[in-house]
Amino acid sequence: MFQHCLVCTDFSDGLYRLVDFVPSLAAGGLKKIIFCNFVPLWEEGEIPRIDEEGIEQARRRFEEGLTNIPEGVEVHIEVTSGRPSDSIPKIAKRYDADVILIGTPVRSLLQEKLFGSTTATLTKECSTPLLMLRPQLISAYTCEELDLRCKHLFRYLLIPYDGTTASNYTVERVKEYAKQAPDNSIKQCMLLWVVSEGGRRELSKDPQLQKAQDKLEPVKAELEELGLQVNTDVRVGNPREEILDTALEFDITAIAISSDHKGKFLDWSVRSLAGDLMRSSWHPVLFFPPQS
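Residues numbered from 1 in each chain as written. Predicted model: local features only at pLDDT ≥ 70, side-chain atom pairs only at ≥ 80, totals over all residues. Heavy atoms only, no water.

By the naming in an unreviewed UniProt entry, the chain is Universal stress protein UspA family nucleotide-binding protein, taken from Moorena producens 3L. Quoted verbatim from the Sequence similarities (unreviewed entry) field of UniProt, the annotation for the chain is "Belongs to the universal stress protein A family." (UniProt positions renumbered as here; feature names shortened; annotations may be inferred.)

Enquirer: How should I be thinking about the overall build of the chain in this particular structure?
Expert: Each helix and strand in the chain was counted, giving eleven helices and ten strands. The proportion of buried residues among the 292 residues of the chain is 52%. Contacts in the chain between residues at least 24 apart in sequence constitute 78% of all its contacts with a sequence separation of at least 6. Within the structure as shown, the chain displays about 14,500 Å² of accessible surface, and the carbon and sulfur contribution to it stands at 47%. (Helix = DSSP H or I, 4+ residues; strand = E, 2+ residues; numbered from the N terminus. Buried < 20%, exposed > 50% of the residue type's maximum accessible area, 1.4 Å probe, protein only. Contact = heavy atoms within 4.5 Å. Areas by Shrake-Rupley, 256 points an atom, 1.4 Å probe, with all protein chains shown as cover.)

Enquirer: What exactly am I supposed to notice about the pattern of salt bridges here?
Expert: Two side chains that carry opposite charge are able to pair once their charged atoms sit near each other. Going through the model one piece at a time under the given rule, you end up with twelve salt bridges. Across the salt bridge formed by Lys175 and Glu172, the nearest N and O atoms sit 3.2 Å from each other. Residue Lys175 and its partner Glu172 are both found in helix H8 (residues 165-179); the two are separated by three residues, about one turn of the helix. Exposure remark for Glu172: the relative accessible area of 42% places this residue in the partly exposed category. Here Glu176 makes a salt bridge to Arg173, at a shortest N to O gap of 3.2 Å. Taken together, the positions of Glu176 and Arg173, both in helix H8 and three residues apart, correspond to about one turn of that helix. Accessibility expressed as a relative area gives 11% for Arg173, which makes it buried. When salt bridges with common partners are traced through the structure, they connect Asp233, Arg235, Glu242 and Glu249 into a single cluster. (Salt bridge = Lys/Arg side-chain N within 4 Å of Asp/Glu carboxyl O.)

Enquirer: What's the story with the nonpolar core in this structure? I'm lost.
Expert: Across soluble globular proteins, you tend to see nonpolar side chains buried next to one another. Counting residues in each nonpolar core, the largest one holds 58 residues, and the members touching the most others are Met1 and Leu101. When residues in this core are grouped by element, the largest group, five residues, is from H8. The residues that make up this core include at least three from each of domain 1 (1-148) and domain 2 (153-291). Once residues within four sequence positions are removed from consideration, Met1 is found in contact with Phe154, Leu157, Val174, Tyr177, Ala181, Pro182, Ser185, Ile186, Leu286 and Phe288. (Core = buried A, V, L, I, M, F, W, Y, C linked by side-chain atoms within 4.5 Å. Domains from an automatic or database assignment.)

This is the structure in structure tokens:
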């Protein structure tokens, strides 16, 4: 699905392990992989300064792990000082990255407000798609499991769809990348429409379910024209819970979403389905930042 990937790691989030799986990432279609790390400024003394020794140590750590690079695959290393949220968009643009992998711990809305989040900032300021991975899972995978995960990062996408601007935008971006997807990349999609439990209980939901299914059919056809296998499902319940349950039941590799409100949906005072999924889903979340 993607060909140029920027992998951001702080060496404690599990994503550093991916340096040992470059062949697996390449098998999933990646042709250029950039590993980056950000070293804090050296603050001993009156004036903070760049920690040159720390930068060199980080660079060597990457180089020692990158010993098995397949022919035709570019691998680059970027180690610098500064705020990750400021530097990541610049690095992504410099290398023409079309997706950014970043470790994102499960957090509540309050924790995000109190402690901040690099990921939350990137969703507001970066135009490159983000694949958010849980550090606990990446760290706990065996080598065999991580090998398969790297090969199948985007193989089966769950796309929550309800006809809104955000869901239509997500579908359009998936179609855009699917058209140029390398072999062994995206193969399958699940379109899920969740009918909320709210509203007057005496009204039957059968017409709503059929209407939702009817609206999914043309979207399914558009995706199938690109050679993708597409499944659809319509459910009644809490959207967040139904999305996460569906991801478990159908062996999804990532949940693909966007937002109607660029720069707003992750603010501490605003709740949204996209924000809730990005904070709480144990499945990888592929976020397409909306256009300004």
